[in-house]
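# A closer look at the structure
The primary structure of each chain is shown beneath.
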Protein chains: 2
Amino acid sequence: MVQHPMPSLTRDQIVAEAFNLLEAEGLEGLSMRRLAARLKVQAPALYWHVNDKAEVLGMMAADIYAAAYSRTGPAQDWREWLRQFGRALHLSLTSHRDGARLCAIGRPPSPTDAIAQAGRIAAPLTALGLNDQQALAHQAAVISFTLGWTTFEANGPMRDFLRQMMDFDATFSTGLDSLVKGLPDK
Amino acid sequence: MVQHPMPSLTRDQIVAEAFNLLEAEGLEGLSMRRLAARLKVQAPALYWHVNDKAEVLGMMAADIYAAAYSRTGPAQDWREWLRQFGRALHLSLTSHRDGARLCAIGRPPSPTDAIAQAGRIAAPLTALGLNDQQALAHQAAVISFTLGWTTFEANGPMRDFLRQMMDFDATFSTGLDSLVKGLPDK
DNA sequence: ACCTGAACACCGTTCAAGT
DNA sequence: ACCTGAACACCGTTCAAGT
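Residues numbered from 1 in each chain as written. Chains lettered and ligands numbered in written order. Predicted model: local features only at pLDDT ≥ 70, side-chain atom pairs only at ≥ 80, totals over all residues. Heavy atoms only, no water.

Secondary structure summary: chain A contains 10 helices and 0 strands in total. In chain A, the order of α-helices and β-strands from amino to carboxyl end is α-α-α-α-α-α-α-α-α-α. For chain A, the proportion of its 186 residues judged to be buried stands at 52%. Nonlocal contacts in chain A, meaning residues at least 24 apart in sequence, comprise 66% of its contacts between residues at least 6 apart. Surface accessibility of chain A: about 9,100 Å² in total, with carbon and sulfur atoms responsible for 54%. (Helix = DSSP H or I, 4+ residues; strand = E, 2+ residues; numbered from the N terminus. Buried < 20%, exposed > 50% of the residue type's maximum accessible area, 1.4 Å probe, protein only. Contact = heavy atoms within 4.5 Å. Areas by Shrake-Rupley, 256 points an atom, 1.4 Å probe, with all protein chains shown as cover.)

As structure tokens, this is what we get:
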């Protein structure tokens with residue numbers, strides 16, 4: 001029989017509970033102390049598993065991007081792929097409370113992860129005929145637009161006013177389509 | 001002779017000093033207590049002039065948008081206006097430390113101000129032939145793209161990696177041009 | 001009208017010490 | 001290896017009291 005290591009506490013558990021806390025209390029309520037309490041542990045215990053709070057936020061942001069990526073199906077051409085990815089990211093960002101603000105703050109967990117992430121996202125685009133430069137530039141444009149839109153959309157009083165004048169999701173969609181359509185082919 | 005009211009402390013002074021503090025210490029260093037100290041006053045004194053910290057951040061964000069607006073010159077058509085405004089906003093956001101993160105967090109000072117702001121920005125676009133709906137939608141698209149891009153650009157490790165592969169300002173410019181070009185005319 | 005002093009209820013993080 | 005207890009240096013905000 002193998003000696004099962006007591007799992008005690010896991011980085012995955014921490015991130016999962018952090019999302020629950022975020023849903024319940026919002027970004028301002030997301031403190032290390034409250035997070036620890038939910039995990040039935042004292043606050044300093046978290047620092048054995050994690051360097052600091054920024055790292056927790058970074059892992060959460062990485063999860064949100066990863067979910068968007070995995071929801072993006074195969075596509076016939078790079079424009080279709082970018083449109084799908086943009087919609088998936090928008091969905092991923094809005095399906096967590098304060099998701100956009102979190103991603104605007106949270107740095108990626110590590111430089112190496114950032115590079116890996118960029119590579120993973122660029123891959124399907126290069127497979128569809130773009131060169132590396134364009135794959136990165138176009139991906140950056142779509143992420144920027146989507147992140148910015150969702151941030152804007154979450155911005156309280158402005159939103160309440162604008163909602164009377166337009167359908168947010170529809171306007172986002174047509175904006176995204178416009179952007180992708182305008183991107184140069186090669 | 002008129003009785004001159006002692007100016008004591010002004011909302012404008014508070015915002016101006018808040019920008020100095022932001023430049024010096026970054027967004028995490030921007031606390032009400034430090035801000036008060038710079039103004040040679042105790043922290044609670046600020047709360048006579050201001051409701052809370054969020055209001056200070058909101059006024060700062062409003063200043064950044066206003067600067068972008070006032071830097072945008074007259075234009076021949078709405079596409080040219082939007083391109084100019086996007087570049088001006090990008091400049092305005094990057095010319096303050098943590099400017100993008102600040103605008104991603106800061107709500108506008110009040111709902112009424114948000115409406116006024118939206119109106120002011122939509123005005124030059126309707127003057128150039130767009131209807132109200134499109135003026136708002138296109139403006140929202142450009143702001144979103146610019147805010148998102150600048151946020152992305154400020155995101156530490158990711159930036160250091162991407163900088164080797166592309167010129168940030170140039171890629172922003174062509175992305176903005178692509179977006180504006182793709183926006184429907186009527 | 002405008003500001004201070006003191007206090008309340010929190011933070012993130014470190015570090016010795018426990019097991 | 002993993003966690004607790006106690007502490008440090010902060011926060012934003014309220015409120016009585018001063019002038």
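On we go.
Here we take up the UniProt feature "domain: HTH tetR-type" (unreviewed entry) in chain A. If you check UniProt for "domain: HTH tetR-type" (unreviewed entry), the listed places come out as residues 8–68 of chain A in our numbering. Here residues 8–68 of chain A is 69% helix and 0% strand, with 30 Å between the C-alpha atoms at its ends. (UniProt positions renumbered as here; feature names shortened; annotations may be inferred.)

Moving on to the protein's contact with DNA strand C. Surrounding DNA strand C, one finds 18 residues, the nearest of these being R33 and Y47 of chain A together with Q42, W48 and H49 of chain B. S31 of chain A is positioned with one of its side-chain polar atoms (N or O) 3.3 Å from a phosphate oxygen of DNA strand C. Take M32 of chain A: an N or O atom from its main chain is 3.0 Å from a phosphate oxygen of DNA strand C. Taken together, the elements giving at least two residues each to the surface near DNA strand C come down to helix 2 (32–38) of chain A together with helix 3 (46–49) of chain B. No other element matches helix 2 of chain A, which puts 3 residues into the surface near DNA strand C. Across the surface near DNA strand C, the residue classes tally to 9 nonpolar, 4 polar and 5 charged. (Near = heavy atom within 4 Å. Polar contact = N/O pair within 3.5 Å; in protein donor to acceptor, adjacent residues only side chain to side chain. Nonpolar A, V, L, I, M, F, W, Y, C, P; charged D, E, K, R; others polar.)

Lining the immediate environment of DNA strand D, one finds 18 residues, of which Q42, W48 and H49 of chain A together with R33 and Y47 of chain B sit closest. Backbone sugar and phosphate groups make up 57% of those atoms of DNA strand D lying within 4 Å of the protein. R33 of chain B places a polar side-chain atom, nitrogen or oxygen, 2.6 Å from a base nitrogen of DNA strand D. Between Y47 of chain B and DNA strand D, the recorded distance is 2.7 Å, taken from a side-chain N or O atom to a phosphate oxygen. Listed by contribution, the elements that provide at least two residues to the surface near DNA strand D are helix 3 (46–49) of chain A together with helix 2 (32–38) of chain B. It is helix 2 of chain B that provides the largest number of residues to the surface near DNA strand D, a total of 3 residues. Each residue belonging to the surface near DNA strand D can be placed in one class, and the counts come to 9 nonpolar, 4 polar and 5 charged.

A few words now on the packing of aromatic side chains. All names here are of chain B. Across all of its chains, the model carries 12 aromatic pairs over all chains by this definition. Between the aromatic rings of F145 and F172, the centroid separation amounts to 5.8 Å while the plane-to-plane angle is 10 degrees, which identifies the pairing as stacked. Placement of F145 in helix 8 (residues 132–154) and of F172 in helix 10 (residues 168–182) is noted, with a sequence separation of 27 residues between them. Across the pair, exposure class does not vary: F145 and F172 are buried alike. Ring geometry for W149 and F172: centres 6.2 Å apart, planes at 45 degrees, overall tilted. Here the residue W149 occupies a position in helix 8, and F172 occupies one in helix 10, the gap between them amounting to 23 residues. (Phe/Tyr/Trp six-rings, centres within 6.5 Å; stacked < 30°, edge-to-face > 60°.)

Residue and element names in this part refer to chain A. A full pass over the atoms with the stated rule returns 12 salt bridges over all chains. Residues D177 and R87 are paired through a salt bridge, measuring 3.2 Å at the closest nitrogen-oxygen approach. With D177 in helix 10 (residues 168–182) and R87 in helix 5 (residues 78–94), this pair connects stretches of sequence that are 90 residues apart. For D177, a relative accessible area of 28% puts it in the partly exposed group. For R87, a relative accessible area of 33% gives the class partly exposed. Here the salt bridges share partners, and the residues they tie into one network are E28, D98 and R101. (Salt bridge = Lys/Arg side-chain N within 4 Å of Asp/Glu carboxyl O.)

Before going further, it helps to examine the state of the cysteines. With the rule as written, the count across this model stands at 0 disulfides over all chains. Here C103 of chain A is not disulfide-linked; the sulfur of C103 of chain B is the nearest cysteine sulfur, at 18 Å. Owing to a relative accessible area of 4%, C103 of chain B belongs among the buried residues under this scheme. (Disulfide = S-S within 2.5 Å.)

Attention now moves to the UniProt feature "DNA-binding region" (unreviewed entry) in chain A. The positions that UniProt labels "DNA-binding region" (unreviewed entry) are, in the present scheme, residues 31–50 of chain A. Across residues 31–50 of chain A, helical content stands at 55% and strand content at 0%; the span's end C-alpha atoms are separated by 14 Å.

For helix 4 (residues 53–71) of chain A, with 19 residues, the first-to-last C-alpha span of 28 Å sits near the 27 Å given by 1.5 Å per residue. Looking at helix 4 of chain A, one finds that the buried residues are E55, V56, L57, G58, M59, M60, A61, I64, Y65 and A68 of chain A. (Expected span 1.5 Å × (residues − 1).)

Moving on, we come to the side chain of R101 of chain B. Within the secondary structure, R101 of chain B sits in helix 6 (residues 99–105). For R101 of chain B, the side chain forms a polar contact with the side chain of E28 of chain B, separated by 3.3 Å. Ignoring anything within four residues of it in the chain, the contact list for R101 of chain B reads A104 of chain A together with L27 and E28 of chain B.

Now for the packing of helix 8 (residues 132–153) of chain A against helix 8 of chain B. What describes two packed helices is the angle between their axes and the distance between those same axes. For the pair helix 8 of chain A and helix 8 of chain B, interaxial distance at closest approach is 6 Å and the crossing angle is 110 degrees. One way to sum up the angle between helix 8 of chain A and helix 8 of chain B is to call them roughly perpendicular. The two elements helix 8 of chain A and helix 8 of chain B cross, and the hand of that crossing is right-handed. In this structure, helix 8 of chain A uses A140, A141, I143, S144, F145, L147, G148, W149, T151 and F152 of chain A to contact helix 8 of chain B, whose residues at the interface are A140, A141, I143, S144, F145, L147, G148, W149, T151 and F152 of chain B. For the contact of helix 8 of chain A with helix 8 of chain B, a count of residues per class yields 14 nonpolar, 6 polar and no charged. (Axes fitted to C-alpha atoms, helices over the stretch in contact; angles between N-to-C directions. Parallel < 35°, antiparallel > 145°, perpendicular 65-115°, else oblique. Left-handed = near helix turned anticlockwise from the far one by under 90°.)

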